[in-house]
Amino acid sequence: MLKIKNVTKYYGTFKAVDNLSFTVDKGEIFGLLGVNGAGKTTTFRMIMNLINPSEGSITFNGKKIDYDVTDNIGFLTEERSLLTKLTVKEQILYYGALKSLDEETILKRLDRLLKKFGIEEYKDRKINTLSKGNQQKVQFISAIINEPKLLILDEPFSGLDPINIELFKSVILELKEKGTSIIFSSHRMDHVELFCEKLVILVKGKSVLEGYLKDIKKDYKIKKIKIEGDVKITELRKIDGVINAIKTASGYEVNIKDESYVNNVFEYLKTKKNITKFVLEEPFLEEIFVSKVGEAYGK
Ligand code: ATP
């Protein structure tokens, strides 16, 4: 288990991370979320022991993270950092050796992973001749060649097309099944929502929301109702408890203060004809994120 306890990081007098605590269990996928400059990369760098926390402690399975432990960690950095004059094979041999693996093991794993990512034919090609997406695959392979127990992914999906996003996701889920603890950052809430179980939202280095995604959604009082049929948006907006109503491609979406106001909307719809859809839905993570970040900035 990864344990971050009361971690604070100053750059000079600037506090980039402020008293942050969370845990990531074995086989758990954890999302570290926040707008630009919130402190995500700083947190990852502290976990990787590339920089020291000013206060607090970081442990993995009860041990401080040092060179012994980092052999069991994989890190995909946000800025792509491949040695582009090397071939794919040379690059992975280099990274594998840094993680104390022998050549035979590295090459066996490399073949399997190249096949999985559909880039077997690039094994002996120089990295600078590959497309951006394929370079990202190579970087991802270098992060997981040691079959890490802890995998840190800083914006793993940025720049990928939807097909490759699915491919990356399936590999990440496979690692989860094998018991790897995975912590990742993303600006795309729809990606986070699809496969992260637990998360923290950072604003200016401080956690403004944390916990299991399903609890966060349950606890978030504002709910959404989807409606299809002949209704008037101006009338929807006047119903007691309705915060907002918008027209969508297929109908209407109504935000209500909390579940107790569902009945008010239902009573209104009873006065209308041709209602073909009335569904109460959990909010999207995106909405919760925007609301929490907005609150923290006093908006
Ligand atoms: P992004 O999503 O843009 O990558 P982030 O959440 O990863 O952002 P960090 O890179 O951790 O954010 O930066 C957090 C804050 O710390 C920012 O205000 C940044 O300017 C500042 N910062 C980061 N590195 C340094 C440094 N080496 N010296 C001084 N300030 C720094």
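Our subject is the structure listed above.
Values in this document were obtained by computation on a predicted structure and should not be read as measured data.

(A) View of the pattern of salt bridges. Taken as a whole and judged by the stated rule, the model has 18 salt bridges. Its salt-bridge partner being E281, residue K226 comes within 3.5 Å of it at the nearest N-O pair. One end of the pair, K226, is in strand β11 (residues 223-228); the other, E281, is in strand β14 (residues 277-281), and 55 residues separate them in sequence. Between K272 and E235 there is a salt bridge whose closest N-O contact spans 3.1 Å. Taken as a pair, K272 in the loop between α10 (262-270) and β14 and E235 in helix α9 (residues 233-238) lie far apart in primary sequence, 37 residues in all. In the salt-bridge network here, residues are joined through shared partners; they are K15, D18 and K206.

(B) Quick look at the site of the ligand. Taken together, 13 residues are adjacent to the ligand, and G37, G39, K40, T41 and T42 come closest. Within the side chain of Y11, an N or O atom sits 3.5 Å from a nitrogen atom of the ligand. Separating an oxygen atom of the ligand from a backbone N or O atom of G39 is a distance of 2.9 Å. In the complex, the protein chains occlude 62% of the 640 Å² of accessible area that the ligand would expose alone. Among the elements of the structure, β2 (14-24) and α1 (40-47) are those that each provide at least two residues to the shell around the ligand. Looking at side-chain class alone, the shell around the ligand contains five nonpolar, six polar and two charged residues.

(C) Structural detail: helix α4 (residues 103-116). With 14 residues, α4 extends 20 Å between its outermost C-alpha atoms, agreeing within 8% with the 20 Å of an ideal straight helix rising 1.5 Å per residue. Among the structural elements, α3 (88-98) and α5 (132-144) are those in contact with the buried residues of α4. Near the N-terminus of α4, the side chain that reaches the backbone nitrogen of E104, with its oxygen 3.2 Å away, is that of D102. Directly beyond the C-terminal end of α4, a positive phi value near 70 degrees is found at G118.

Here is what the cut-offs are and how they apply
- Residues numbered from 1 in each chain as written.
- Predicted model: local features only at pLDDT ≥ 70, side-chain atom pairs only at ≥ 80, totals over all residues.
- Heavy atoms only, no water.
- Salt bridge = Lys/Arg side-chain N within 4 Å of Asp/Glu carboxyl O.
- Helix = DSSP H or I, 4+ residues; strand = E, 2+ residues; numbered from the N terminus.
- Near = heavy atom within 4 Å.
- Polar contact = N/O pair within 3.5 Å; in protein donor to acceptor, adjacent residues only side chain to side chain.
- Areas by Shrake-Rupley, 256 points an atom, 1.4 Å probe, with all protein chains shown as cover.
- Nonpolar A, V, L, I, M, F, W, Y, C, P; charged D, E, K, R; others polar.
- Expected span 1.5 Å × (residues − 1).
- Contact = heavy atoms within 4.5 Å.

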